[in-house]
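A structural walkthrough
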Amino acid sequence: MNALRIRTATWFSCFAVVLPLLSLGGCKTYPSLNPDEKPIAHDYLIGPGDNVDIIVWRNPEVSMAVPVRPDGKITTPLVEDLSASGKTSTQLARDIEEALSKYIQQPVVTVVVTEFVGPYSEQIRVIGEAAEPQALPYREEMTLMDVLIAVGGITDFAAGNRARIVRNVDGKQHQFSVRLDDLIRDGDVTANVPMKQGDVLVIPESYF
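Residues numbered from 1 in each chain as written. Predicted model: local features only at pLDDT ≥ 70, side-chain atom pairs only at ≥ 80, totals over all residues. Heavy atoms only, no water.

1. Quick word on a nonpolar patch on the surface
There is a patch of nonpolar side chains on the surface, built from Met-145, Ile-149 and Val-189 and spanning about 300 Å² of accessible area. You can see Ile-149 is positioned in helix H3 (residues 144-150). We classify Ile-149 as exposed; its relative accessible area is 62%. (Patch = residues over 30% accessible without salt bridge, like charges linked within 9 Å, V, L, I, M, F, W, Y side chains within 5 Å. Areas by Shrake-Rupley, 256 points an atom, 1.4 Å probe, with all protein chains shown as cover. Salt bridge = Lys/Arg side-chain N within 4 Å of Asp/Glu carboxyl O. Helix = DSSP H or I, 4+ residues; strand = E, 2+ residues; numbered from the N terminus. Buried < 20%, exposed > 50% of the residue type's maximum accessible area, 1.4 Å probe, protein only.)

2. Topic: the side chain of Glu-129
Here Glu-129 is to be found in the loop between strand E6 (124-128) and strand E7 (134-136). Among buried Asp, Glu, Lys and Arg side chains, Glu-129 stands out as unpaired, with Arg-185 the closest opposite charge at 9.3 Å. A polar contact of 2.7 Å, which involves the side chain of Glu-129, links it to the side chain of Thr-155. Excluding its chain neighbours within four sequence positions, the residues that come into contact with Glu-129 are Ile-154, Thr-155, Phe-157, Ala-158, Ile-203, Pro-204 and Glu-205. (Lys, Arg positive; Asp, Glu negative; His and termini not counted. Polar contact = N/O pair within 3.5 Å; in protein donor to acceptor, adjacent residues only side chain to side chain. Contact = heavy atoms within 4.5 Å.)

3. Overview of the environment of Asp-95
Take Asp-95: it is sitting in helix H2 (residues 89-100). Here Asp-95 is in contact with Leu-82 and Lys-87, once residues within four sequence places are set aside.

4. Topic: the packing of aromatic side chains
Tallied over the entire structure, the rule returns one aromatic pair. Ring geometry for Tyr-44 and Phe-116: centres 5.1 Å apart, planes at 85 degrees, overall edge-to-face. Here Phe-116 lies in the loop between strand E5 (109-115) and E6 and Tyr-44 lies in the loop between helix H1 (2-27) and strand E1 (51-56), a separation of 72 residues in the sequence. Judged by relative accessible area, which is 26%, Tyr-44 ranks as partly exposed. Under the relative-accessibility criterion, Phe-116 is labelled partly exposed at 37%. (Phe/Tyr/Trp six-rings, centres within 6.5 Å; stacked < 30°, edge-to-face > 60°.)

5. So, the pattern of salt bridges
Throughout the structure, instances matching the rule amount to eight salt bridges. Across the pair Glu-97 and Arg-94 runs a salt bridge, and its minimum N-O distance is 2.8 Å. Residue Glu-97 and its partner Arg-94 are both found in helix H2; the two are separated by three residues, about one turn of the helix. On the accessibility criterion, Glu-97 (16% relative accessible area) is buried.

Encoded structure:
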């Protein structure tokens, strides 16, 4: 009986120590994002996993569709190991023209991106209590609602109103509070905020 009392007292002591720590972590707040903030115009950058169609005018033998390799490079006839990741389609077309100019007189190249993944630095990452945590390619004017639809919403164990977005601002990491429960379960569209390239959405687990 004495041993049982000791174990019970020890358990309550541990709970008394841990509970305030959990409460502090759960109550930590971050500044909210402005739902009316407009995304900055940004050209799409090619990334590993993208597929690109390379069209060389009047030279169909060197025109083809190729994937961007995991190392960010592409290989085509007459052009080997050309870096593509982090470039716009126009920039890549000019680079291919320069490489082909050794073999073709005044080549004219057009690059069309047909499957989109984008550079890792610009993907939207969703971690924690999402139904399907994953990395998503950024889309123009993408919002928090778009992200939640793409990952299938949040789990029953998520603390949606304690979620946060981790964002790089002027080279520094900042965290902003978002209200997923209000957006998903209450339909509060004021909780919908614009996403930016490279954002990380962190969805914590509810303690209770």
